[in-house]
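Geometric and topological summary
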Amino acid sequence: MTTLRTRLALALLTIGFFGSVAYVLSRDPPSRDQHVTLRLGHWLMHSGMREAFAEAGRRYELLHPEVRIEQNVVPIRSYPAWLRTQLIGGTAPDIIGMFAVNAEIINRYFLPLNDVVLQPNPYNVGTPLAGVPWRNTFADGLESIQNMSAATGQIGAITLQLNTYRLFTNVDLLRRVTGQTTPPETFAALQALGPLVETYNATHAVSVTPIAGCGPYLRYVNEQLLASQTQKLAVALSPMRTLKVGNPDLALMMLDGRAGLEEPAVQSTFELLREVTNLMPPGVEQLQRDDALFMFLQGKAVTFIAGSWDYGVLAANGNFTVAVDPIPIPTPDDPRFGPFVLGPISEAAVQHEAPMAVFRDSAHPALAIDFLQFLSSPEIATLFSEMSQRTSAVIGVPPPAGAGNLAPRLEGEPAGLSMELPYFGGRNAFRVMSNHHHLLFGPGGSTAAFIAGIRADLPPAIRDDVQRHLSNEQKDAQRSDALIGLMLTHPGGVPDTWRERIETQHQREGDALRVAREVAATP
């Protein structure tokens, strides 16, 4: 009986063994595709951007056959909500376009790059940037990124491009309207387009406007053109003699009258805004970017005040010659607007674009950093610039061919004050002024009516913005305190950056205390 059972067990084992072998042999061979997929999420849908990312990814894959680069492109209107959902859910791409985020999100979800940016970019070997710390290969040394999380000093991203605001001119239409091909170089020349366009419309039975504009792009007019009227005032009022006035100090000066509504330079700012919007289509604030873009491309506007990121669309789709120039401002000898002007505004503190961060929970953080280093190498940055028709943030990379004026103008004078406080506190002052623009714009508008309309509502709105600013500063100080405490208890000893962090913290707390006392003392 025992022998029979033993033989039966051996038979079953033999059958099982050979059955298993047959099953394994009958299966499909294992996939040899061991590729690592690196996901890149961004909102940059402008002409040439997706194509530039795709070509850069293709070239990276040639160097690293085991890697596949995958783009996730999300429309800009949906991007902030999409990004937060992905971050909170832990499903964000490995590399994330940093847009519409605050310091809390940066510190919580993005990988700190502070250490790696101090090392040379390995893809810069054999170039003029070889051996240079990665951070120093960017136009501003990534200071703009670090300032986004000033309380912690975290560098949460690298930037790929620079943004400038420019006057684009339809040279063919300009020739028909004025007989000239040289775009306006001063505000007086730009203003002179008004009557010439009126005459052209009347004689040709068409409807052409001097400047294509839209509501979102009016802020570029504010930052470039209107800031000329308070250049001298900003130098005179700079509390630390740094040639600039921060938003908290500007808010205080608007409350105590130093930069109040009665100041001639401030009134001239509003008058200049009225003059330039009179050269734009009626109801310009209600128009969107696409409205202005189509108007210009259809030959219904001589010029277009827009961002450098729009150049690719204009160059690719316009059936006319497009000239690129700085936005013309009044010259010091302008009899009406010149008395407050120092000169052309320097763009050394230019806005950076396409900041790319690494998701803190990425499965491939080292690979993500490596791809960012590849993107910011001179060869790929040059490719990116040409394909996207935009200016690179990498030092030494030339602007796109034929569009040298897209590059920031480094020489010039400091900008004046941003009187509408568009980025301060809860933006209450900005909303008060925007809600009364109808008293300033159009044939029946006037500076006097606008000032009278905002006089009562503006001071409390500014105070609300100051309080929101102080509340935000307090939250940042609390986060910074926690970080400083952790640094003091670091098992490897107190980091070298501890003293710098303490000094920055003391400076910010001192500024906040001063602002709180001054606003409380202002009637």
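Up top is the structure these notes are about.
The text that follows walks through the structure, step by step, so that each part is easy to find. These numbers were taken from a predicted model, which means no experiment stands behind them.

End to end, helix α12 (residues 264–277) covers 20 Å across 14 residues, agreeing with the expected 20 Å (1.5 Å per residue, within 8%). Within α12, twelve of the 14 residues are buried, leaving the element largely enclosed by the surrounding structure. Residues of α12 that are buried in the fold lie against α7 (187–191), β6 (209–212), α9 (218–224), α10 (231–237), α17 (428–435) and α18 (447–454).

One pass over the full model with this rule turns up 21 aromatic pairs. With a centroid separation of 5.0 Å and an interplanar angle of 75°, the aromatic rings of Y60 and F371 are classed as edge-to-face. Here the residue Y60 occupies a position in helix α2 (residues 49–63), and F371 occupies one in helix α15 (residues 365–375), the gap between them amounting to 311 residues. With centroids separated by 6.3 Å and ring planes inclined at 90°, the aromatic side chains of Y165 and W309 adopt a geometry described as edge-to-face. Placement of the pair is Y165 in strand β5 (residues 165–170) and W309 in the loop between β7 (301–307) and α14 (311–317), with a sequence separation of 144 residues. Ring pairing ties together the aromatic residues Y165, Y217, Y220, F296, F304, W309 and F320, which thus form one cluster.

Moving on, we come to the pattern of salt bridges. With the rule as written, the count across this model stands at 17 salt bridges. The partner of E353 in a salt bridge is R390, and the shortest N-O contact between them spans 3.0 Å. Of this pair, E353 sits in strand β9 (residues 351–358) while R390 sits in the loop between α16 (378–388) and β10 (391–392), and the two are 37 residues apart along the sequence. Across the pair, R390 and E353 agree in class, each one buried.

Criteria and thresholds
- Residues numbered from 1 in each chain as written.
- Predicted model: local features only at pLDDT ≥ 70, side-chain atom pairs only at ≥ 80, totals over all residues.
- Heavy atoms only, no water.
- Helix = DSSP H or I, 4+ residues; strand = E, 2+ residues; numbered from the N terminus.
- Expected span 1.5 Å × (residues − 1).
- Buried < 20%, exposed > 50% of the residue type's maximum accessible area, 1.4 Å probe, protein only.
- Contact = heavy atoms within 4.5 Å.
- Phe/Tyr/Trp six-rings, centres within 6.5 Å; stacked < 30°, edge-to-face > 60°.
- Salt bridge = Lys/Arg side-chain N within 4 Å of Asp/Glu carboxyl O.

Treat this as a map of the structure, not an account of what it does.
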